Every structure is written in C-alpha cells, then in structure tokens.
Amino acid sequence: MVKILFILLVIFVGFNSDVAANQNEGNEIPVMNFDTFEPRLQQDDDKIHVINFWATWCAPCVRELPAFEKLHENFRDQGVHVLLVSLDDPRQMDSRIKPFVDRMQLQSEVLVLDDPNSNRWIPLVSEEWSGAIPATVIYSRDYHIFFEREFKYEELEEIILSIIK
Amino acid sequence: MKKLFFLFAMLFLTTQAIGQGYGIGDVATDFRLLNVDGNYLSMSDYEDINGVILIFSCNHCPYVVAYEDRMIELHNEYAPKGFPVLAINPNDTIAEPRDSFTKMIERAQEKNFPFDYVIDADQEIYPIYGATRTPHVFLLEKVEDAFIVAYIGAIDDNYRDAAAVNERFLANAIDALIAGERPDPEMTRAIGCTIKVRN
C-alpha cells in the first residue's frame, strides 16, 4: 500500500513538474496575491530556488532576464528552480505580459504577483529589500540570500556553483 | 574560499547600497539643482514653510506615472499648510533618455505640475539621501534652518488604484507633523523603478 502511494506520488509529482515546464507555452500565467505566493519563498525540498522579481517595463530587469533563463537551462537538471515573479499589472496580461513572455520565449516558470499593498509584503520577502526591482532571492534548505541589484550570468552561476559545492 | 569571499563581498555591497542614506531624525542636506522653470532651486529658497515633501521621481516609471495625479493633489492639499511637494529626478539621462531634462519640462507642462521638479544631474544627491527607487518619498520637517527627516517611504498602500487606498502613509505623516506628533509609521516600503545609473 505504501509502495503504491509512493508510486502514485512520484507520478503525481512528475506530472506536475511536466505541467510546470510547459506552462509558458500554453500561456496560462498564474496570477496570485502574496498570501498564495508566500509558500514559494520557503519550500522545504532539495532544490535551490532562484526567485527573481521583475516587470516588463523595468529595463534592467528585462536586461538580466536572459541570465536567469540561461541559469534555468544550465542548472535545472542539478536541482535549480528559477521562478520569474512579474510585478506587472495583471490587467495587462493579454496586452503586455503574455506577448512579452512569448516574444522572449521564457522557459523558466513565470507567475504574476498581484498585491498592490507592497509595504506589507516587501519585508516578508526580505528585510533588506527597499522595494526597487530587479530583486532576487536565492535559497535552499540551509541557505538564504537576497539581492537588490542587476545580475550578469557569470555572477549568478558563481553563486549557484558555490552553493552546489 | 575565493567563491565564499566573492559571495560575502556581494552581500556586503548589497547591504552597503541599502544601508547608506538617511534614517528618521537625520538632518537632510540641502542642494541647488536645476528646476523645470529654468532656475536653480534650493529647499532654503522656499519661504514660510514647515517642511518639504521631497519625492525622488522621474518621467518614465509606471509607478511614478500611477502616482502623478496624487502628487499633484498632495501639493495642492499641503503646500498651503507649509509642505510643498518637490520632485527630484535622480536618473542618469543617458541610461534613461525618457528622463532627460527636456522631457521633464514636457511632462511638467503636460500634467501642469503645480510643484517644482528638479534634476539631480550629477547624481550626487540621491545617494546621500539613500533613495533607491522612484517614487521614493522623504518627508522633511523644517526645524530652525535645518531639514529633519520625518518619514521615508511610500505615498500610500495602493499604487494602482487611488480609490482603493486604505492608508495614506504620507498624508498621515504630514498630518502628524502638523499636529505636533511623530508619524506612525515612520518608514514604509513600496515597489518602484530602480534609480538608473550609467553602465
């Protein structure tokens, strides 16, 4: 019985990650408030989570997106999960967000955080965050770091390699 | 070891970048910056004021644009009570041409800004204040000839919809100063556009 449950769980998890991997192609980008999003900041698993806060209108964010995409491409098999959290206005989902995600062919998981009272949730992401974007959280079970800055790929890779080691 | 050092160095730089700047109660520096009316402006040029609502702002940032009408209303409401809005553009205009001085003049005319709008052309003022984004508010109380930082942060708790605002952080802070009390909260945060520097 336990074995069957385990197998079912594996299938379920596997199925879910497939859905996650393809979700941008289907163009269903989830929109959520901070309370729904918050568990993503403290997932208790074996992965290294890279969570980047960005927006289509934020030039430095758009400039660094390819670095996060490359990180996703190069490290997803090593347990690195990249999550791109858009702070765009979800009312612009069809006019702006989806076309942008399509045009950039973003492969990392994308969601839209829709919670205008950012004074409440910014410190819950990091006490260090003043609110400027781009901003990035990188964490694993025993590691947590926050950056309010723009990244180049090599810098991200260096951080990930230092954690994996 | 080198990597660990690198990581600490980055962490240090990040903390540094945010740790700098003014806190509540600090004496804020005055400045002399070019205003959209073509004249240089200092905070000490204002006569008969009780303080200044200094807002690091710009033209291009959607969060600023969402707040422009509210900035106008704040000025119209509080300038008569001795707290004029003073907008200051900290962005490098090469890095962000939409924030050029010419475009500042255009925007001020389009929106008929009743407040002054100056440019931190040498990007020397915003780091002293510790501004990191636009919009980023520093409410200054004038005590004798000094400008004392009384409130730092957001205008209110809903950038998107003025009608859905629950707390007018900035207006409440000014009301507190007028009543002779301390603002509560004294510091808030909001998502904003990072200040643009030349690469």
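Not measured: the values here are computed from a predicted model. Position numbers for residues count from 1 along each chain, tracking the sequence in the order it is written. To label them, take the chains in the order written and letter them from A, then take the ligands in the order written and number them from 1. Totals for whole chains, interfaces and linings use all residues, but because this is a predicted model, local features are given only for residues with pLDDT of at least 70 and pairs of side-chain atoms are given and counted only at 80 or more. In computing side-chain values, all of the structure's heavy atoms are included and hydrogens and water are not.

Notes on the sheet that holds strand S6 (residues 116–119) of chain B
Residue and element names in this part refer to chain B. As summarised here, the arrangement of the eight strands in space is S1-S9-S8-S4-S5-S6-S2-S3, forming an open sheet in which the pairing is mixed. With partners counted over all chains shown, the strands left at the sheet margins are strand S1 (27–28) and strand S3 (40–41), one partner each. We treat two strands as partners when DSSP finds at least two bridges between them. Starting at the N terminus, helices and strands are each numbered in turn, a helix being any DSSP run of H or I of at least four residues and a strand any DSSP run of E of at least two. Pairing between strand S8 (residues 136–143) and strand S9 (residues 146–153): seven bridges, direction antiparallel. Bridge pairing links Glu141 to Ile148 in S9. Whether two residues touch is decided by their heavy atoms; if any such pair falls within 4.5 Å, the residues are in contact. Comment: axis = line fitted to C-alpha atoms, over the contacting stretch for helices; angle = value between 0 and 180 degrees taken between N-to-C directions. Against the sheet, helix H3 (residues 101–110) makes contact with strand S2 (33–35), strand S5 (85–89) and S6, and its axis sits at roughly 170 degrees relative to S6, the strand it touches most. Set on the sheet, helix H5 (residues 169–178) makes contact with strand S4 (51–56), S8 and S9; between it and S8 the angle comes to about 5 degrees.

Digging into the packing of aromatic side chains
Working definition: a ring pair exists when centres of Phe, Tyr or Trp rings (six-membered ring for Trp) sit within 6.5 Å. Plane angles under 30 degrees give stacked, over 60 give edge-to-face, the rest tilted. Per the stated rule, a full pass over the model turns up 17 aromatic pairs over all chains. Their ring planes at 80 degrees and their centres at 4.8 Å tell us that B:Tyr22 and B:Tyr129 sit as a pair that is edge-to-face. Linking B:Tyr22 in the loop between helix H1 (2–19) and S1 with B:Tyr129 in helix H4 (residues 125–129), this pair joins segments that are 107 residues apart in sequence. As far as burial versus exposure is concerned, B:Tyr22 and B:Tyr129 are alike and both buried. Ring geometry for B:Phe56 against B:Phe138: centres 5.5 Å apart, planes inclined by 80 degrees, an arrangement best described as edge-to-face. Of this pair, B:Phe56 sits in strand S4 while B:Phe138 sits in strand S8, and the two are 82 residues apart along the sequence. With a 1.4 Å probe rolled over the protein chains alone, any residue whose accessible area is under 20% of its type maximum counts as buried; one over 50% counts as exposed, and the rest are partly exposed. The exposure class of B:Phe56 is buried, given its relative accessible area of 0%. Among the residues examined, B:Phe138 registers a relative accessible area of 1% and is labelled buried. Joined through ring pairs, the aromatic side chains of A:Phe34, A:Phe37, A:Phe53, A:Trp121, A:Trp129 and A:Phe146 make up one cluster. Cation placement over rings: the criterion is NZ of Lys or CZ of Arg within 6 Å of the ring centroid and within 35° of the ring normal. A:Lys70 extends its terminal NZ or CZ atom over the ring of A:Tyr153, reaching a point 4.5 Å from the ring centre. In this structure, A:Arg149 packs its charged tip against the face of A:Phe151, placed 4.3 Å from the ring centre.

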